Amino acid sequence: MIPGFEGDKFGPEKIVQIRKPAIGLEAAVVIDNCATGPSIGGIRMAPDVTLEECARLARAMTWKNAAAGLPHGGGKAVIKADPSMPDTEKAQLIRSFAQSIASLEDYIPGPDMGTNEIAMAWIIDEIGRAVGLPAVMGGIPLDEIGVTGYGLKRAIEAAEPFSGIPINGARLSIQGFGAVGKHAARFLAQDNAILVAASDSSGTISNTLGLDVEALCRLKEAGGKFCDLADADVSKGPPEEAIIADCDILIPAARPDVINARNESAIRAKMIVEGANIPATLETEIALSKLGVLIIPDFIANAGGVICASVEYHGGTENQAISVVGDKIARNVRTVLERAQAASIIPREAAAELAHERVEQAMSIRRFG
Ligand code: NAD
């Protein structure tokens, strides 16, 4: 059906390809599974996106939304275009795309790579349906309030009975100091975690006595780079150094596959909380788990963003979003780690089982699955 993506009993339910050659619109929507509710998933705009990528991402959203316990299924959209085009052209493409999906009511678009809250505003203006909106249109500014970073903190807290690592006094290394990484550092430092290493794309900075989190946040918010930091107490190294730093908790919050066969034997963290999507290869995740490293998988730990989007869609406020994110992530972390322990499986496997069961249960109630 889709080259490179095998459908199965879960989906996809709908595959829609959209072409408007007159304005250069080439796009696709894959609605994977709506048993738990109308699908939510971002619109990715890039020149090289494919239908296969769209289907894979839609499936990932099915599991992520189910694992988060949201009343939403999984879907995704791709628009084949350069996101750096002028805004007038981008608005035309996005608005035309929105009109083309008006009747696909079981797909609720959100932002992803190459699209943002303004794009979501254009969509809601056209069809009255989108999440990740600007605050003036009822949106909850999730990257500003750092809701995904807050979720990571709640995940670490909930895992303490399994990890034996309290936040108070925990030595922390964070790879990537953007919307996810810097807010995680902020929330954890409030509870007396010690940030011993942090990286951005320019390099890693470290100090065994602890880095000044607020000063680093100010530096990044002013557009600065870690390699330019002037502080005699801080050691500097290449960006990868944060991954192998001597710490209790490692939070990868940048790129995929950064924890892999090349560096797994050098990892010193006792616990890894996956802020980024797929930051570790599966083989390395299994190998590290066998060595006793507790890994909270991405789609459980970093679900704060999509939970927040769901609260926004259902008319909730910022405070409600923070509270729901904290409660859901804490509960899911406990459930996943209990299952993993009881069945002697890795947390990722336990999380996948949980998501599959939730979707299967919802499918059994629906008339047509
Ligand atoms: P961002 O662009 O705000 O920040 C990314 C940070 O990573 C920047 O500080 C950048 O300098 C740094 N970086 C890039 N390459 C690096 C490298 N090789 N080594 C070290 N640092 C590097 O992005 P973000 O929103 O914080 O997202 C980070 C990751 O988390 C992505 O994988 C994203 O898909 C995932 N994620 C984000 C959210 C969210 O709410 N923003 C939710 C779920 C998952």
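Residues numbered from 1 in each chain as written. Predicted model: local features only at pLDDT ≥ 70, side-chain atom pairs only at ≥ 80, totals over all residues. Heavy atoms only, no water.

Caption draft 1: Spatial organisation of the site of the ligand. With respect to spatial proximity, 20 residues lie near the ligand, and among them Thr148, Ala179, Val180, Ser201 and Ala254 are the closest. Phe177 has a polar backbone atom sitting 3.1 Å from an oxygen atom of the ligand. With respect to the ligand, the backbone of Ser201 contributes an N or O atom lying 3.1 Å from an oxygen atom. Mapped by element, the contributors of at least two residues to the shell around the ligand are helix H4 (142-145), helix H6 (179-190) and strand S7 (194-200). (Near = heavy atom within 4 Å. Polar contact = N/O pair within 3.5 Å; in protein donor to acceptor, adjacent residues only side chain to side chain. Helix = DSSP H or I, 4+ residues; strand = E, 2+ residues; numbered from the N terminus.)

Caption draft 2: Structural view of the environment of Ile124. Here Ile124 is to be found in helix H3 (residues 117-127). Owing to a relative accessible area of 23%, Ile124 belongs among the partly exposed residues under this scheme. Along the sequence, Ile124 and Val196 sit 72 residues apart, while their C-alpha atoms lie 43 Å from each other. Not counting residues within four places of it along the chain, the set of residues in contact with Ile124 comprises Arg129, Ala130, Leu133 and Met137. (Buried < 20%, exposed > 50% of the residue type's maximum accessible area, 1.4 Å probe, protein only. Contact = heavy atoms within 4.5 Å.)

Caption draft 3: Highlighting the packing of aromatic side chains. Scanning the model with the defined rule gives three aromatic pairs in all. With a centroid separation of 5.0 Å and an interplanar angle of 80°, the aromatic rings of Phe10 and Trp63 are classed as edge-to-face. With Phe10 in the segment before strand S1 (14-20) and Trp63 in helix H1 (residues 51-67), this residue pair connects regions lying 53 residues apart in the sequence. In this pair, the class of Phe10 matches that of Trp63, namely buried. (Phe/Tyr/Trp six-rings, centres within 6.5 Å; stacked < 30°, edge-to-face > 60°.)

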